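Given next are the chains, with one letter for each unit.
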Amino acid sequence: MQPYFYKLVHIPTGKIYVGSQYGKKANPKNLLTTYFTSSKNVKSLIETSGIDSFKIIKIVERKDARLYEAKFLRRIYKILGKEGFLSTFINRNIAPGIVLDQATIL
């Protein structure tokens, strides 16, 4: 299938989550139906407030989806700074392996 980058909004909080899916099972049609991100934070919000509390804002199919996600998050972090980023995004890392919030590794 086609790797893709996506942007979701958690409607009750207005917080945004961005991610990417790649590999053999990557299919944008599955987002929020059979694929619910790899984020523990998003999965927890789905459990507490339901799948309908999330809305898909954007899907972009691209071969470099994971790299695009990392670049997007780094760019937004530079614009917003740590506090602005954490108050706007559900993502707790700028890119794979770069944790912004100590609470996510406890």
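Relevant structure appears above.
Because the structure is predicted, anything quoted here is derived from the model rather than measured.

Chemist: Just give me the short version of the overall build of the chain, but keep the residues and values in it.
Modeler: Tallying secondary structure elements over the chain gives two helices and three strands in all. Listing the helices and strands of the chain from first to last along the sequence gives β-β-α-β-α. The burial tally for the chain puts 40% of its 106 residues in the buried class. Pairs at least 24 residues apart make up 56% of the contacts formed inside the chain by residues separated by at least 6 positions. In the form shown here, the chain has an accessible surface area of approximately 6,500 Å², with 54% of it arising from carbon and sulfur atoms.

Chemist: Account for the packing of aromatic side chains, naming residues and giving values.
Modeler: Centre distance and the angle of the planes are the two values used to describe a pair of aromatic rings. Scanning all chains against the criterion turns up seven aromatic pairs. Both rings, one in Tyr4 and one in Tyr6, keep their centres 5.8 Å apart while their planes meet at 45°; by these two values the pair is tilted. Since its relative accessible area comes to 0%, Tyr4 is described here as buried.

Chemist: Go over the environment of Lys29 with me, naming the residues and quoting the values.
Modeler: With respect to the secondary-structure elements, Lys29 resides in the loop between strand E2 (15–21) and helix H1 (40–49). With 30 residues separating them in the primary sequence, Lys29 and Ile59 have C-alpha atoms 9.8 Å apart.

Chemist: Describe the sheet that holds strand E3 (residues 54–61), with residues and values.
Modeler: Ordered in space as E2-E1-E3, the three strands form an open sheet in which the pairing is antiparallel. In this open sheet, the two strands that pair with only one neighbour each are E2 and E3. When strand polarity is set aside, the average angle formed by the axes of neighbouring strands in this sheet is 20°. Relative to E3, strand E1 (residues 4–10) is paired through seven bridges, and the arrangement is antiparallel. Opposite Tyr6, over in E3, you have Ile59 as the bridge partner. The strands touched by H1 are E1, E2 and E3; relative to E3, the strand with the most contacts, the crossing angle is about 145°. Contacting E1 and E2, helix H2 (residues 65–88) crosses the sheet at an angle of about 160° to E2.

Chemist: Break down unusual backbone geometry for me, with residues and values.
Modeler: Despite not being glycine, Leu32 shows a phi value in the positive range, around 65°. Structurally, the position occupied by Leu32 is in the loop between E2 and H1. The exposure class of Leu32 is buried, given its relative accessible area of 14%. One non-glycine residue, Thr37, adopts positive backbone phi at about 75°. Among the structural elements, Thr37 can be located in the loop between E2 and H1. A relative accessible area of 3% places Thr37 in the buried class.

Reading guide: rules and limits
- Residues numbered from 1 in each chain as written.
- Predicted model: local features only at pLDDT ≥ 70, side-chain atom pairs only at ≥ 80, totals over all residues.
- Heavy atoms only, no water.
- Helix = DSSP H or I, 4+ residues; strand = E, 2+ residues; numbered from the N terminus.
- Buried < 20%, exposed > 50% of the residue type's maximum accessible area, 1.4 Å probe, protein only.
- Contact = heavy atoms within 4.5 Å.
- Areas by Shrake-Rupley, 256 points an atom, 1.4 Å probe, with all protein chains shown as cover.
- Phe/Tyr/Trp six-rings, centres within 6.5 Å; stacked < 30°, edge-to-face > 60°.
- Pairing = 2+ DSSP bridges.
- Axes fitted to C-alpha atoms, helices over the stretch in contact; angles between N-to-C directions.

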